[in-house]
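# Analysis of the macromolecular model
In case you want the letters, here they are:
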Amino acid sequence: PKAAPALVKGQPTTPKKKFVDADDPGAFSNNLAGALTGAVDGDVIYIKHGNNARVAFPPVTLRPGISVTLKPFDATYQPILVLDKAFRDKDSFLFKVQSGTLQIEQMEILLDPVQAGHESQSVVHLGETGHCVFKNCIFSLRASVPVQLNVVTVVDLAQMMKMDAPPPVPARVEFHECFVRGKGDLVALRGCRSLQVEMKNSLVALDGSLLDRK
């Protein structure tokens, strides 16, 4: 009989469905940060929250160049993604996407800093070729302390490693059937760079700007 093919070192891991279950330590991970840290290209991560719909996690940086999707476990679950209050960086975020794609579907995302120490807080810090897609999401921006809130902050390339050539595609963010409400800006653009923003069938009710250049 033929021998089984040997695994090649560095061979990409097969993407698959993964589950985050707050009440089941035997699941792939009982925390979202761990699931995203171990994600590979093409993974779909399903979130099953506990009695409290809020899913708190520390800031997560997506592995460069991969595509990951976040979804509720099923229609009976409605996760609310929030930043763990223990993290108080002055310029904080829930997700950082330097390159690759993060897609989030059918979730509420809440920015709600309650303690001083933040200068700004964003759902996403988007890098030079990052791509974010939001589908059927609700964004709630509120704060009891003075802080700048942004759904997406496009980071200043001057603060990053310089490239010999411009990126092949600009950063991109898409909103499909979303509702954005509260105090803050939809997109904060830092520095001078290209950015594509697409909105379809979405409602924005903010006291700030759709696009604010810093």
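Keep in mind that what you see is a predicted model, and the values were worked out from it rather than measured.

### Observations regarding the overall build of the protein
- Each helix and strand in the protein was counted, giving 1 helix and 17 strands.
- By the burial criterion, 45% of the 214 residues in the protein qualify as buried.
- Within the protein, counting contacts between residues at least 6 apart in sequence, those at least 24 apart form 81% of the total.

### What to know about unusual backbone geometry
- At Gln 106, a residue that is not glycine, the phi angle is positive and equals roughly 55°.
- Turning to its location among the elements, Gln 106 is positioned in the loop between β7 (91-105) and β8 (108-111).
- The exposure class of Gln 106 is partly exposed, given its relative accessible area of 48%.
- Located in the positive-phi region is Asn 136, a residue other than glycine, with phi close to 55°.
- In this structure, Asn 136 sits in the loop between β9 (120-135) and β10 (138-141).
- Owing to a relative accessible area of 41%, Asn 136 belongs among the partly exposed residues under this scheme.

### A look at the packing of aromatic side chains
- Tallied over the full model, the rule gives 7 aromatic pairs.
- Here the aromatic rings of Phe 73 and Tyr 77 are separated by 5.9 Å at their centres, their planes lie at 90°, and the arrangement is edge-to-face.
- When the centroid spacing of 5.5 Å and the interplanar angle of 25° are considered together, the rings of Phe 134 and Phe 175 count as stacked. Linking Phe 134 in strand β9 with Phe 175 in strand β12 (residues 171-176), this pair joins segments that are 41 residues apart in sequence.
- For Lys 48, the ring lying beneath its charged end belongs to Phe 73, and the centroid distance is 4.9 Å.

### Notes on the pattern of salt bridges
- The tally for this structure, following the rule as stated, stands at 9 salt bridges.
- Of the charged contacts in the structure, one is a salt bridge between Asp 91 and Arg 190, with a shortest N-O distance of 2.7 Å. Here Asp 91, found in strand β7, pairs with Arg 190, found in the loop between β14 (185-189) and β15 (195-200); they are 99 residues apart in sequence, far enough to count as distant.
- On the basis of relative accessible area, Asp 91 is assigned to the partly exposed category, the value being 29%.
- Arg 142 is the partner of Asp 112 in a salt bridge, and the nearest nitrogen-oxygen pair spans 3.9 Å. On the criterion of sequence distance, the pair formed by Asp 112 in the loop between β8 and β9 and Arg 142 in the loop between β10 and β11 (148-154) is long-range, its members being 30 residues apart.
- The class of Asp 112 is buried, set by a relative accessible area of 16%.
- Taken together, the shared-partner salt bridges connect Arg 172, Glu 174, Glu 198 and Lys 200 into one network.

### With respect to the confidence of the model for the protein
- On average, residues of the protein carry a pLDDT of 85, and 83% of them reach 70 or more.
- For the protein, the element scoring lowest by mean pLDDT is strand β17 (residues 211-213), at 80; β10 scores highest, at 98.
- Segment residues 1-8: pLDDT under 50, and 0 contacts once partners within four positions in sequence are set aside and those in other chains are kept.

### Looking at the nonpolar core
- Core analysis: the biggest nonpolar cluster contains 48 residues, and Leu 32, Leu 81, Phe 95, Phe 134, Phe 139 and Val 152 have the highest contact counts within it.
- The contacts of Phe 134, once residues within four sequence positions are left out, are Ile 104, Ile 109, Val 124, Phe 139, Val 152, Val 173, Glu 174, Phe 175, His 176 and Cys 178.

The rules behind the values
Residues numbered from 1 in each chain as written. Predicted model: local features only at pLDDT ≥ 70, side-chain atom pairs only at ≥ 80, totals over all residues. Heavy atoms only, no water. Helix = DSSP H or I, 4+ residues; strand = E, 2+ residues; numbered from the N terminus. Buried < 20%, exposed > 50% of the residue type's maximum accessible area, 1.4 Å probe, protein only. Contact = heavy atoms within 4.5 Å. Phe/Tyr/Trp six-rings, centres within 6.5 Å; stacked < 30°, edge-to-face > 60°. Lys NZ or Arg CZ within 6 Å of the ring centre and 35° of its normal. Salt bridge = Lys/Arg side-chain N within 4 Å of Asp/Glu carboxyl O. pLDDT = per-residue confidence, 0-100. Core = buried A, V, L, I, M, F, W, Y, C linked by side-chain atoms within 4.5 Å.

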